[in-house]
Amino acid sequence: MSAEPKAVAPAVNSWNAAYLDEMYAAYRADRASVPADVRAFFDGFELGLTRSEGGGGEPIAARVGGGTGSLQARVDGLVAAYRDLGHIAAKIDPFGRERERSPDLALSFHGLGEGDLATPVDGTSLGLGASVPLGEVVSFLEDTYCGPIGAEFMHIQSSEERQWWTSTIEAGRGRIELTRGDRVHVLDRLIHAEHFEKFLQKRYPGDKRFSLEGGESLIPLTDHLLERASELGIEQVVLGMAHRGRLNVLSNILGKTHEQIFTEFEDNWDEDFVDGGGDVKYHRGFSGTRRFKNGRMVHLAMASNPSHLEAVGPVVLGRSRAKQDLQRDTERRRIMPIVMHGDAAVIGQGVVAECLNLMSLEGYRVGGTVHIVVNNQIGFTTIPADGRSSRYCTDLAKMIEAPVLHVNGDDPEACVAAAHWAIEYRQKFAKDVFIDMYCYRKYGHNEQDEPSFTQPVLAALIRRKQGAMKIYAERLLAEGVINEADMDAIGKRLETLLDRAQAEAKQKPNDPTIDPGSARWTGVSNKFSFKPSETAVSEALLREVCTALGHVPEGFNLNPKLRALLEGRAGLLETRQISYADAESLAYGTLVCEGYPVRLSGQDCRRGTFSHRHAVLRDAETGEPYTPLASIRPVDPSLPRAESASEGPVQARFEVYDSPLSEAAVLGFEYGYSLAEPNQVVLWEAQFGDFVNGAQVIIDQFIAAAELKWQRWSGLTLLLPHGYEGAGPEHSSCRFERFLKLCAEDNLQVVYPSTAAQAFHMLRRQVKRSFRKPLIVVTPKSMLRTPTSDIGELMSGGFQEIIDDPTMVTGGKAAREGVRRVVLCTGKIYHELEERRRETGVKDVALVRIEQLYPLHIDRVKEVLALYPRSERTIWVQEEPRNMGAFGFITEQLRDRLGIKGVEYIGRPASSTPAPGSKRIDRQQQNSILTQAIAPKPGQPAGKDDKKPAMAGTAVK
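Residues numbered from 1 in each chain as written. Predicted model: local features only at pLDDT ≥ 70, side-chain atom pairs only at ≥ 80, totals over all residues. Heavy atoms only, no water.

### Thoughts on the pairing of strand β14 (residues 598–602)
Part 1: Here β14 lies mainly inside the structure; five of its five residues are buried.
Part 2: Burial along β14 is two-sided: the residues Val598, Leu600 and Gly602 and Arg599 and Ser601 are all buried.
Part 3: Pairing between β14 and strand β17 (residues 654–658): five bridges, direction parallel. For Val598, the partnering residue across the bridge sits in β17 and is Phe654. (Buried < 20%, exposed > 50% of the residue type's maximum accessible area, 1.4 Å probe, protein only. Helix = DSSP H or I, 4+ residues; strand = E, 2+ residues; numbered from the N terminus. Pairing = 2+ DSSP bridges.)

Structure follows, in structure tokens:
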């Protein structure tokens, strides 16, 4: 086992201080013993110590008495400065505006002068030979590091990676070699990109499209990135991007047909918009397979994305990881994510940093993401000076030591070079890499916007600006690579194709969407049904899982405090009583034995926030992990699969990961993961249910709406610990009323199970039914370890959406006829109500549980309520405030669907906060709820502790 990571001291230039001390000592002992880039750094450092002794502009050899060693040290310092800071002076601005050069790049900073330019120096480290004029070295460094690509990589602590970058970039003097055919292909991609946008502007001038004009080099950049990726073994790519340039990428990269795109502009395809569904054309996803000119093929999938620009990032990562796991791409070299950003969004939205933090984490790594920033140098109307505090919008990449290539979008060959290096780095080092393409936005935020209102100077520059295609075409014409006839022929042919496609789309609409899933989704639909599913299991299977849960390998040093827990799990079939935590483990264990993989992630979920799960055990002496549910049987990583299982008993993967302290990125990741495989249980657990609101964008834009907007189906499960125990406003409520507000058209399942058996059947049915819907589970945190079911309930029956009062069921007609109040409730409070009823001996109150709040099984509700006298009072009891919880939702359902208008309310009064901060007051409120719903505690006078802490009333009619 590797040692635990240790905190590192602050860094200089992002190099670890301890590392620098070690390297400097070696340098002082033997200059040749340290890597070339480190040697150059210390040469410059030493120079800085002696600069006050230097002269002015006379030759350095004269100042140091002809000492070539001192001269070379100063030259090496200059080389190090260019490698480190050359990007600041790189010519990356498409408008050619001067950039302030770092003083470190001046000859004088290194004790050199104009008179030294003819002096021979050692250029071996640059590949220039052992004796070359200093002027040639400077020219080489200017071309390589201050040309159209500004490379930032010296912040990387790995000397291997830094040396790879220096050798790669310097080998071609900041370029890559392109054949005549390559250059013509780059021009062809630019022509397609520009003509596509101009055609849309001419034919659909009133439509928003968020054009790529000003950033057309994105197309040859991405095209080359993918082609080179195919040569390096990439077979599948998952792509995420916001709306800027999306239609162009869909057309010219993913292969979405012009007919499909024009159908969306003509707005003559109605199927996706029935019942208010569908989405605007620049948010939709697509997938297809591209064959490149090298003959290789890559499957491309673009994720659908809302206007929350960076929200798609974690979804892309999760979807990529799922594909890697399914294809057993353990080295993560065959499936790759690409995320395209805007310059304002990449630095402005925190989910980007959350995603970067996932790069090297066990449960979330994807082998590196290629990030492409379409840097328009403006965000909506906000200039960079108002949008960030850093020099570059990509400076957050340095938190994970990711290299950044800033490139001039007006130089498509430089863009191609940046793409070439980026994918090679990703494939070699399995790390994230950024391409920051400096370009501009020809129009405003959209085609109807007027940019000169807020950026008059920039707008004026853009109006006078030639496009990248025109600039590159003139360059190739001047070099004789192409001629005017070639240009005209390409343009006319493309114009004809676009005209023809538009005419066809007008006459015969083309479905612009794709199938909701792939072959893995065959036989799975999105049509909800209350039809029971087979979730019961045999005693033999339960015993096998219980035995595994109570077992540790020989020699494993179990924490003594856990010994009783494991013994209890092993003997569940004998003790019979099971808790929610027991049921959850048994559900996972039986599922993996049946061939369904399980993936669970969240903050502290290996142990469980409430110390209830202990899915991963740690050796008390070595810290080595052991996961019982991953060791029931030999693991067959190919499960699930259509064909029969391997010889002998096997199980599917069980994976559980402690996530970083993130909600948005991790929930987005798990949602993306769930899109790839319908026959895997994918769960995310909030540390406390309250914290789910940190991922509200993922919930609102993806989980709740994706089925109707984008025809994307998911079976993701959210486990949200909830319950009022006096823990305060941040640790009581998962705000499940918000989920209920999002419910419509059978889009979600919101369940608050009251017993262990219910939880068991609920989790198993998630992959046992013929459809997939996201499942929101309100988990009763105070009862996770409390026995609530007999284990026999797992061997028969199934999940019950509505549970009638057990005492009334056994008491029969006579018991029901005495009922004067029917209390409807959900989840944990049922047990408190039942305990109060038992303590007080009250017989005229029936307790009916609504276990599944949505979709509400209204027929079953009607059936149960019909069993009670018509004169009874119907009361909804909850522990949440009146404006929270399920009261508003349930009363509306009962009123509109059953005609029940007089539902009374008992619970906390409406509040702007979920719960009080005082445990004493919280307990008073809870007692008042039970008192009003059932009766006072024995010996407690009526009205005690009832100073309006809870509220009773009737629902608004």
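Moving on from the model shown.
### Quick notes on empty space enclosed by the protein
Part 1: Per the stated rule, a full pass over the model turns up eleven cavities of 30 Å³ or more.
Part 2: Listing elements by their share of the lining of the largest cavity, those giving two or more residues are α11 (312–326), α23 (664–676) and α25 (706–710).
Part 3: Of the residues belonging to the lining of the largest cavity, the class tally is ten nonpolar, four polar and four charged.
Part 4: Here the second largest cavity is characterised by a volume of approximately 120 Å³. (1 Å grid on protein atoms, 1.4 Å probe; cavity = no way out; pocket = protein on both sides within 12 Å on 5 of 7 lines; lining within 4 Å. Points joined across faces, edges and corners; volume = space filled by probe spheres on them. Nonpolar A, V, L, I, M, F, W, Y, C, P; charged D, E, K, R; others polar.)

### Comments concerning the sheet that holds strand β6 (residues 236–240)
Part 1: Pairing within the open sheet is mixed, and its eight strands lie in the order β5-β11-β12-β10-β9-β6-β8-β7. Unpaired on one side and paired on the other, β5 (149–152) and β7 (286–291) mark the two borders of the sheet. Adjacent strand axes in the sheet meet at a mean angle of 20 degrees when their direction is disregarded.
Part 2: In this structure, strand β9 (residues 335–342) lies alongside strand β10 (residues 370–375), joined through five bridges in parallel fashion. From the neighbouring strand, Gly342 faces β10, where its bridge partner is Val374. (Axes fitted to C-alpha atoms, helices over the stretch in contact; angles between N-to-C directions.)

### Comments concerning the environment of Ile703
Part 1: Tracing the backbone shows Ile703 in helix α24 (residues 696–703).
Part 2: For the pair Ile703 and Tyr580, spaced 123 residues apart in sequence, the C-alpha to C-alpha distance is 25 Å.
Part 3: Beyond its immediate chain neighbours, meaning those up to four positions away, Ile703 contacts Leu667, Tyr671, Ile698, Leu716, Leu718, Leu748 and Pro774. (Contact = heavy atoms within 4.5 Å.)

### Observations regarding the pairing of strand β8 (residues 297–302)
Both faces of the sheet carry side chains from a regular strand, because those side chains alternate between them.
Part 1: By the bridge criterion, four bridges tie β6 to β8 in an arrangement that is parallel. Along β8, the bridge assignment pairs Val237 with Leu300.
Part 2: As consecutive antiparallel partners, β7 and β8 are separated by five residues, and within that stretch Gly295 has a phi angle of approximately 90 degrees, a positive value.

### Focus: the side chain of Glu170
Part 1: By the secondary structure assignment, Glu170 is in helix α6 (residues 159–171).
Part 2: The class for Glu170 is buried, based on a relative accessible area of 7%.
Part 3: With residues near it in sequence (within four places) discarded, Glu170 still touches Arg83, Ser125, Leu126, Phe140, Thr144 and Tyr145.

### Things to note about the sheet that holds β17
Part 1: One open sheet accounts for seven strands, arranged β17-β14-β18-β19-β21-β20-β26; its pairing is mixed. Each of the sheet's edge strands pairs with one partner strand only, and the pair in question is β17 and β26 (852–854). The mean angle between the axes of side-by-side strands here comes to 20 degrees, regardless of whether they run parallel or antiparallel.
Part 2: Bridge count for strand β20 (residues 749–751) against strand β21 (residues 775–780) is three bridges, and the pairing is parallel. By the bridge assignment for β21, Val751 is matched with Val777.
Part 3: Strands β14, β17, β18 (681–685), β19 (717–722) and β21 of the sheet are contacted by helix α22 (residues 580–593), whose axis makes an angle of about 140 degrees with β14.

### Regarding unusual backbone geometry
Part 1: Here Leu639 and Pro640 are connected by a cis peptide whose omega angle stands at 0 degrees.
Part 2: Relative to the elements of secondary structure, Pro640 occurs in the loop between β16 (625–626) and β17.
Part 3: Residue Pro855 follows Tyr854 across a cis peptide bond; omega there is -10 degrees.
Part 4: If you trace the backbone, Pro855 turns up in the loop between β26 and α30 (858–865).
Part 5: In this structure, Arg576 is a non-glycine residue whose phi angle is positive, near 75 degrees.
Part 6: Examined against the element boundaries, Arg576 turns out to sit in the loop between α21 (572–575) and β13 (577–579).
Part 7: For Gln711, which is not a glycine, the phi torsion comes out positive at approximately 55 degrees.

### So, the pattern of salt bridges
Part 1: All chains considered together, the criterion is met by 64 salt bridges.
Part 2: Between Arg764 and Glu594 there is a salt bridge, and its shortest N-O distance comes to 3.1 Å. With Arg764 in helix α27 (residues 756–768) and Glu594 in the loop between α22 and β14, the pair connects residues that are 170 residues apart, well separated along the chain.
Part 3: Three or more residues are tied together by salt bridges with common partners; here these are Arg175, Arg183, Asp411, Glu413, Arg475 and Glu479. (Salt bridge = Lys/Arg side-chain N within 4 Å of Asp/Glu carboxyl O.)

### Here's the deal with the packing of α30 against helix α31 (residues 887–898)
Part 1: Contact geometry of α30 with α31 gives a least axis separation of 11 Å together with a crossing angle of 85 degrees. Relative to α31, the element α30 is oriented roughly perpendicular. Counting all contacts with α30, which are made through Ile858, Val861 and Lys862, the residues of α31 involved are Gln893, Leu894, Arg897 and Leu898.
Part 2: Of the residues belonging to the contact of α30 with α31, the class tally is four nonpolar, one polar and two charged. (Parallel < 35°, antiparallel > 145°, perpendicular 65-115°, else oblique.)

### Here we look at the packing of aromatic side chains
Part 1: Taken as a whole and judged by the stated rule, the model has 25 aromatic pairs.
Part 2: Ring centres of Phe95 and Tyr440 lie 5.3 Å apart, and the angle between their planes is 45 degrees; on these two criteria the pair is classed as tilted. In this pair, Phe95 is assigned in the loop between α4 (68–89) and β3 (120–123) and Tyr440 in the loop between β12 (433–438) and α16 (456–463), connecting sequence segments 345 residues apart. By the burial criterion, Phe95 is buried, and Tyr440 matches it.
Part 3: Ring geometry for Tyr204 against Phe262: centres 6.3 Å apart, planes inclined by 35 degrees, an arrangement best described as tilted. A residue pair is termed long-range when its members are at least 10 positions apart, and Tyr204 in the loop between α7 (180–203) and α8 (218–231) and Phe262 in helix α10 (residues 258–266) qualify at 58 residues. Comparing Tyr204 with Phe262, the two get one shared label, buried.
Part 4: An aromatic cluster of at least three residues, connected via ring pairs, comprises Tyr145, Phe153, Trp164, Trp165, Tyr425 and Phe429.
Part 5: Across the ring face of Phe429, the terminal group of Lys428 is positioned such that the distance to the ring centre comes to 5.5 Å. (Phe/Tyr/Trp six-rings, centres within 6.5 Å; stacked < 30°, edge-to-face > 60°. Lys NZ or Arg CZ within 6 Å of the ring centre and 35° of its normal.)

### Details of the nonpolar core
Part 1: Counting 105 residues, the largest nonpolar core has Trp165 and Val249 as its most contacted members.
Part 2: The contacts of Val249, once residues within four sequence positions are left out, are Leu218, Ile219, Leu239, Met241, Leu254, Met302 and Met340. (Core = buried A, V, L, I, M, F, W, Y, C linked by side-chain atoms within 4.5 Å.)

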